[in-house]
2 protein chains.
Amino acid sequence: MKGKVTSFDVAQRAGVSQSAVSRVFSGASASKATQDKVRSAADALGYRPNRLARGLITGRSKIIGLVVAYLDNQFYPDALERLSNVLKEQGYHILIFTTKGRGEEVKQTFDQLMDYQVDGIIAASVGISDELTNRCAAAGIPLVLFNRGQRGGALAQVTSDNLQGAAKIASFLVKGGHRRIGHISGWMGSITGQDRAQGFASGLQAAGSELVHQIDGMYRRDTAAEAAETLVSEHGCDAIFVGNDHMAFAVMDHLRGAMKISVPNDVSIVGYDDVSMAAWGAYELTTLRQPVNRMVHATVDTLLAMIEDADASADQITIDGPLVVRTSAKVPKEN
Amino acid sequence: MKGKVTSFDVAQRAGVSQSAVSRVFSGASASKATQDKVRSAADALGYRPNRLARGLITGRSKIIGLVVAYLDNQFYPDALERLSNVLKEQGYHILIFTTKGRGEEVKQTFDQLMDYQVDGIIAASVGISDELTNRCAAAGIPLVLFNRGQRGGALAQVTSDNLQGAAKIASFLVKGGHRRIGHISGWMGSITGQDRAQGFASGLQAAGSELVHQIDGMYRRDTAAEAAETLVSEHGCDAIFVGNDHMAFAVMDHLRGAMKISVPNDVSIVGYDDVSMAAWGAYELTTLRQPVNRMVHATVDTLLAMIEDADASADQITIDGPLVVRTSAKVPKEN
DNA sequence: CTGAAAGCGCTTACAG
DNA sequence: CTGAAAGCGCTTACAG
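Residues numbered from 1 in each chain as written. Chains lettered and ligands numbered in written order. Predicted model: local features only at pLDDT ≥ 70, side-chain atom pairs only at ≥ 80, totals over all residues. Heavy atoms only, no water.

Where an unreviewed UniProt entry is consulted, chain A appears under the name Cryptic asc operon repressor, with the organism given as Nereida ignava.

Shown next, in the form of C-alpha cells:
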C-alpha cells in the first residue's frame, strides 16, 4: 500500500488544512490561491479523492447497478455500451450483474446491489417482483426497467412501442400479400412478449387478416427454430413474425438449412429490434428498429432525475421505432 | 433515506455492542448466543453491512474493474458474462468500462477505476501503456490482460496459444489442397494480431506452402470485407484465414453477397475464436476455438492470487484450443 | 475564505 | 468472548 496518498498528505504539502483540500476537490468554495496550492500539491503527489470515502459521507456512491439477463442477444451488449458511455458523462459507472434466473437469484442480486450502495438500478429485461420493488423503494433506490415493462406497478420504465411496432409489421405482411401468417412470440411471461403478440394479432385483424397460429419462442434459439418448423409444416405459414431478431436468425437458419425453404420466396420472416446483425448479408432481416440510443438516453435521464429528486415521478416512456425493410420478407407491391 | 439501518441499530435491538454485530458479519469469532441474537435482530431489521464502509477500512472494495474495447464482437459479452459469474462466486463484482480509444481515453478510464478503489483490473483487448502499468503497480492494484498479450513487460496475462492455433489452421488449409492462401490479420498493432499472423505464416512454410498475401483487417468488418475482395480478385486466393470470427462473418457475407463467390467451393474461410455465431447455420464457420471458460478461470485465479498476495508472480498463461471443423472450408481428404 | 471537529458505517487491535 | 475506542478517508456544518 505505498501509493495511498490522502487529503492530509496534500494538505500538508500545500500548507493548508485538510478541509481546504476537500473543498477544492468537492467543488465547494475556496480562494484562487488555495485552489492553486492544493492542485499543484495534489498533482505532485498524484492525489485523487477516494470515492468510497466520499460516497460513505455523501450517501452517493456514483455507482449504478445494471442487471441484465441476455447478453447473448446482441441488443444488450449494445445497450450496455451506450448506457455505460452516457452514464460516464454524468460521473456514474456501472456495476454489472448478470442473471438468467428469476425469483431467488434475482433477489440475491438485489441484495448484493444494495450492499454496494448503488445510487440507482437499471433492470434490462429481468422480471422484478413486487417484493423487490418495495425493497428498492424502502431503501430509497430508484429503479428503472429497460426494455421490459411491468403491469400494474407505477415503476419507471422505458420500452419501445411494442403494440404499435408489432401492428406495423402486421400491416406490412398483409400488404405484402401473405395469406397464412404466424407468430413466434417472445416469452409470454414477459410483457414485451405479450404486447408484441397482442399488437400483432390486432394489427392483423385491422388489416383484414388473422393470426393462423402462435407459439412461444421463449427468447430461445432452439425453441424458436422448432416453432418455425411447426408453423410452416403443420400450419402452412407463408410469413412469420418472430418476437425478436435473436430468435429470427435461428428461424432463418433452420428454414434455409434443415428445411431447405427459401426466405423470403417460400416464407417471409420479420424480426424485432434491428440489432447490428440484422443488416448483415447472411440475414438482411426486415425488422422493427428499437431506437436504442433514445431508449438509453431516456433511461438515464429518468434514473438521474429520480436520484436527484426522490419525489420525481416514475416516468413510463414509450419510444416509437420504424420498420426497417430489408430482404427477408416480401415487400408490398407499389401501385 | 428511511431504510438505512446500521450495525448500531442491530446492536441495540440485539442487546449487544456494535462491535459484536460487526464480528458476526465479518466472520470473526463470536459466541453462538451472540450470533443468534445478532442474526435475528439483523433479519428483523433487514440489515446488511455497507460494503463501502467496510471497504474503506479493510482496503478491499470487492470491486474488479473490467475495461473492454469490443463489445460488438460476441466473444467479449460472452467472456464478460462468465467473468461476472466466476467473480461473483468469490464475492467480487465488476465495474465495467468500455473504451474504444487508445492513449488518453484509456488513461482517464484508469483514473476513474482507481477512484473507485478497485481491488484489481482486467483489461480485455485494450492496450496498456507502460505508464499505466506503473501506476497500477504503484497503487498496488493487480492487473491482468485478458486475450491480449503485451511484449516485454512482466504483465500477468492469459491468452490462447495464438502461434500454435494459427499454425494448426495453416496445416489444415494446406492439407485441404488449397494453393493460394491469404490472411486477413487482426489489428497488427496488437500482439494477438501479430502472433496469429506469424504463427500462420510459419505454419504455412512448415507445411511446404507459403503465404500469398496478407492485409490488416483492423478487427473491423468493413476493412475485412474489402481485404477479402482484394485477396480474391487481385491475388487469386482460394483460402483465407481471417484473424477472428467477427471479421470472418463479414468476409463470408461479402464474398457470397456482393461477389457471388461460393464458400467453400470457390474460397475457403477459417476464423478464430469460435464464438457462438460460428455454429449458426448461416456461417458454419471452421474456426479455432478459444476456450473461454478456461481463459476466464485462469484470469480470475491469477487476479485473485495477486490480490491476496502482493508478491504473487504475474503469470503469463497460454491456453491451447482445438480447431473446430465446420463447412466454411474444404476439408482434407481422408486416405 | 478557512480550520478544527464531528461524523459517514464499518473493522480491528486493545483491555477486560 | 466481549465492549469501548480508534481510525479508514473523506464532507460539511460551525465558528472565527
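So much for the structure itself; the text now carries on.
Asks: What is the right way to read the pairing of strand S2 (residues 93-98) of chain B from this model?
Replies: The side chains of a regular strand alternate, residue by residue, between the two faces of the sheet. All names here are of chain B. S2 sits mainly inside the fold: 6 of its 6 residues count as buried. Residues His-93, Leu-95 and Phe-97 point to one face of S2 and Ile-94, Ile-96 and Thr-98 to the other, with burial holding for every one of them. Across 6 bridges, strand S1 (residues 63-68) lies against S2 in parallel orientation. The residue bridging Val-67 from the neighbouring strand is Phe-97, located in S2. Crossover S1 to S2 through helix H5 (residues 75-89) is right-handed. (Buried < 20%, exposed > 50% of the residue type's maximum accessible area, 1.4 Å probe, protein only. Helix = DSSP H or I, 4+ residues; strand = E, 2+ residues; numbered from the N terminus. Pairing = 2+ DSSP bridges. Right-handed = clockwise from strand over helix to strand, strands pointing away.)

Asks: How should I be thinking about the relation of the copies chain A and chain B in this particular structure?
Replies: Note: a rotation about an axis with an accompanying shift along it relates these two copies of the chain. Rotating chain A by 180° and translating it 0.0 Å along the rotation axis places it on chain B, where the RMSD comes to 0.1 Å. Seen this way, the second copy is the image of the first under a two-fold rotation axis. Residue A:Leu95 of chain A places its C-alpha closer to the rotation axis than any other residue of that unit, at 2.2 Å. Mapped onto chain B, 100% of the interface residues of chain A are again interface residues, and the two copies thus contact each other with one and the same surface. (Least-squares fit on C-alpha atoms with pLDDT ≥ 70 in both. Contact = heavy atoms within 4.5 Å.)

Asks: How should the sheet that holds S1(B) be read in this particular structure?
Replies: Neighbouring strands of a sheet are bound in pairs by backbone hydrogen bonds; such pairs are parallel or else antiparallel. Spatially, the 12 strands line up as an open sheet ordered S11(A)-S5(A)-S4(A)-S3(A)-S1(A)-S2(A)-S2(B)-S1(B)-S3(B)-S4(B)-S5(B)-S11(B), and their pairing is mixed. At either end of the open sheet lies a strand with only one pairing partner, and these are strand S11 (316-319) of chain A together with strand S11 (316-319) of chain B. Within this sheet the neighbouring strands show an average axis-to-axis angle of 20°, counted without direction. The pairing of strand S5 (residues 156-160) of chain A with S11(A) spans 4 bridges and is parallel. If you follow A:Val158 over to S11(A), its bridge partner there is A:Ile317. (Axes fitted to C-alpha atoms, helices over the stretch in contact; angles between N-to-C directions.)

Asks: Is there a simple way to think about the UniProt feature "domain: HTH cro/C1-type" (unreviewed entry) in chain A in this case?
Replies: Summarizing the sequence annotation, UniProt attributes the feature "domain: HTH cro/C1-type" (unreviewed entry) to residues 9-52 of chain A in the numbering used throughout. The distance from the first to the last C-alpha atom of residues 9-52 of chain A is 18 Å, and the span holds 70% helix and 0% strand. (UniProt positions renumbered as here; feature names shortened; annotations may be inferred.)

Asks: Got a minute to help me understand the protein's contact with DNA strand C in this structure?
Replies: Every one of the 27 residues lining DNA strand C counts as a neighbour, but A:Arg23, A:Thr34, A:Ile57, B:Gln18 and B:Ser22 are closest to it. Near the protein, within 4 Å, the atoms of DNA strand C are sugar or phosphate in 54% of cases. Between DNA strand C and B:Gln18, the relevant distance is 3.3 Å, taken from a base oxygen to a side-chain nitrogen or oxygen of the residue. Here a phosphate oxygen of DNA strand C and a side-chain polar atom of B:Arg54 are 2.5 Å apart. Of all the secondary structure elements, the ones that give two or more residues to the surface near DNA strand C are helix H2 (18-26) and helix H4 (51-58) of chain A together with helix H2 (18-26) and helix H4 (51-58) of chain B. (Near = heavy atom within 4 Å. Polar contact = N/O pair within 3.5 Å; in protein donor to acceptor, adjacent residues only side chain to side chain.)

Asks: Looking at this structure, I do not really get the protein's contact with DNA strand D. What am I missing?
Replies: Lining the immediate surroundings of DNA strand D are 27 residues, of which A:Gln18, A:Ser22, B:Arg23, B:Thr34 and B:Ile57 lie closest. For DNA strand D, the fraction of protein-proximal atoms (within 4 Å) that sit in sugar or phosphate groups is 54%. Taking B:Ser17, its side chain carries an N or O atom lying 2.9 Å from a phosphate oxygen of DNA strand D. Contact between DNA strand D and B:Thr34: a phosphate oxygen at 2.5 Å from a side-chain N or O atom of the residue. Put simply, the parts of the chain that give the surface near DNA strand D at least two residues each are H2 and H4 of chain A together with H2 and H4 of chain B. Residue composition of the surface near DNA strand D, grouped by class: 10 nonpolar, 13 polar and 4 charged. (Nonpolar A, V, L, I, M, F, W, Y, C, P; charged D, E, K, R; others polar.)

Asks: Would you take a moment to explain the packing of aromatic side chains for this structure?
Replies: How two aromatic rings sit relative to each other is set out by the distance from centre to centre and by the angle between their planes. Evaluated as defined, the whole model comprises 19 aromatic pairs over all chains. Ring centres 5.1 Å apart and planes at 90° place the aromatic pair A:Phe75 and A:Tyr76 in the edge-to-face group. Their ring planes at 20° and their centres at 6.2 Å tell us that A:Phe75 and A:Phe146 sit as a pair that is stacked. In this pair, A:Phe75 is assigned in helix H5 (residues 75-89) and A:Phe146 in strand S4 (residues 143-146), connecting sequence segments 71 residues apart. Here A:Phe146 falls in the buried class, since its relative accessible area comes to 0%. Among the aromatic residues, those joined into a ring-pair cluster are A:Phe249, A:Trp280, A:Tyr283, B:Phe249, B:Trp280 and B:Tyr283. Over the ring of A:Phe25 we find A:Arg39, and its NZ or CZ is 5.4 Å from the ring centre. Taking the ring centre of B:Trp280 as reference, the NZ or CZ of A:Arg221 above it sits at 3.7 Å. (Phe/Tyr/Trp six-rings, centres within 6.5 Å; stacked < 30°, edge-to-face > 60°. Lys NZ or Arg CZ within 6 Å of the ring centre and 35° of its normal.)

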